[in-house]
Amino acid sequence: HVGGSTEEAQAMIGEEVAAALLKCINEGSTYGAVNFPEVDMKKDATMTTHRLLCIHENKPGVMSAINNVFTEAKANICQQFLNTKGSVGYVVMDINVEASMEVKKQLTNMHTVIKVRVLV
């Protein structure tokens, strides 16, 4: 049930959904998600950070292992937003250096990581 009984309401709903999809694609925001962890982190105002998105299993020690990859790469996590829902965790991170292919590869190879995406 969308709740748009008029053409104007349907147009507004279409604009809202399109805006939410663009924010998800461009920033990693899952604001308003029902069956996925809800995360909405503002972009760094200085525009000097690089954003990385990571979907992972919600288990003890997973975040420590993820953060350790960045420690070993000498990257500073400038801001981080984590949320979980059931067995799934979703973390959005802004780091001070560009995430190398090696960092992405290390994260992807972790058996508890489901998906990694680097935003450019």
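Going by the structure above, here's the rest.
The following refers to the structure shown. Bear in mind the structure is a predicted one, so any value in this text is a computation, not a measurement.

Calculation criteria
Residues numbered from 1 in each chain as written. Predicted model: local features only at pLDDT ≥ 70, side-chain atom pairs only at ≥ 80, totals over all residues. Heavy atoms only, no water. Helix = DSSP H or I, 4+ residues; strand = E, 2+ residues; numbered from the N terminus. Contact = heavy atoms within 4.5 Å. Areas by Shrake-Rupley, 256 points an atom, 1.4 Å probe, with all protein chains shown as cover. Lys, Arg positive; Asp, Glu negative; His and termini not counted. Charge placed at Lys NZ, Arg CZ, Asp CG, Glu CD. Salt bridge = Lys/Arg side-chain N within 4 Å of Asp/Glu carboxyl O. Buried < 20%, exposed > 50% of the residue type's maximum accessible area, 1.4 Å probe, protein only. Patch = residues over 30% accessible without salt bridge, like charges linked within 9 Å, V, L, I, M, F, W, Y side chains within 5 Å. Pairing = 2+ DSSP bridges. Phe/Tyr/Trp six-rings, centres within 6.5 Å; stacked < 30°, edge-to-face > 60°.

Turning next to the overall build of the protein chain. Each helix and strand counted, the protein chain has three helices and four strands in total. Taking the contacts inside the protein chain whose residues are at least 6 apart along the sequence as the reference set, 66% of them involve residues at least 24 apart. For the protein chain, the computed accessible surface area is about 7800 Å², with 55% contributed by carbon and sulfur atoms. Taking the average location of the 11 positive side-chain charges in the protein chain and that of its 13 negative ones, the two points are 9 Å from each other.

Tallying each qualifying case throughout the model produces three salt bridges. The shortest N-O distance in the salt bridge between Arg51 and Asp94 comes to 2.7 Å. Remark: Asp94 occurs in strand β3 (residues 88–95) and Arg51 occurs in strand β1 (residues 50–57); sequence separation between them is 43 residues. In this pair, the class of Arg51 matches that of Asp94, namely buried.

Together, Val17, Leu21 and Ile25 give the surface a local cluster of nonpolar side chains, amounting to about 270 Å² of exposed area. Residue placement: Val17 occurs in helix α1 (residues 7–27).

This part is about the pairing of β3. Put simply, side chains in a regular strand alternate between the two faces of the sheet. For β3, the tally of buried residues reaches seven of eight residues, placing the bulk of the element in the interior. Strand direction decides the pairing type here: β1 and β3, joined by eight bridges, are antiparallel. By the bridge assignment for β3, His56 is matched with Gly89. Direction of pairing for strand β2 (residues 77–85) relative to β3: antiparallel, over a ladder of eight bridges. Residue pairing in the sheet places Thr84 in a bridge with Gly89 of β3. Linkage of β2 to β3, two consecutive antiparallel strands, is achieved through a turn of two residues, within which Gly86 is found at a positive phi near 65°.

Next up on the list: the packing of aromatic side chains. Under the counting rule described, the total for this entry stands at one aromatic pair. Here the aromatic rings of Phe36 and Tyr90 are separated by 5.2 Å at their centres, their planes lie at 55°, and the arrangement is tilted. Placement of the pair is Phe36 in the loop between α1 and β1 and Tyr90 in strand β3, with a sequence separation of 54 residues. What makes Tyr90 buried here is its relative accessible area of 4%.

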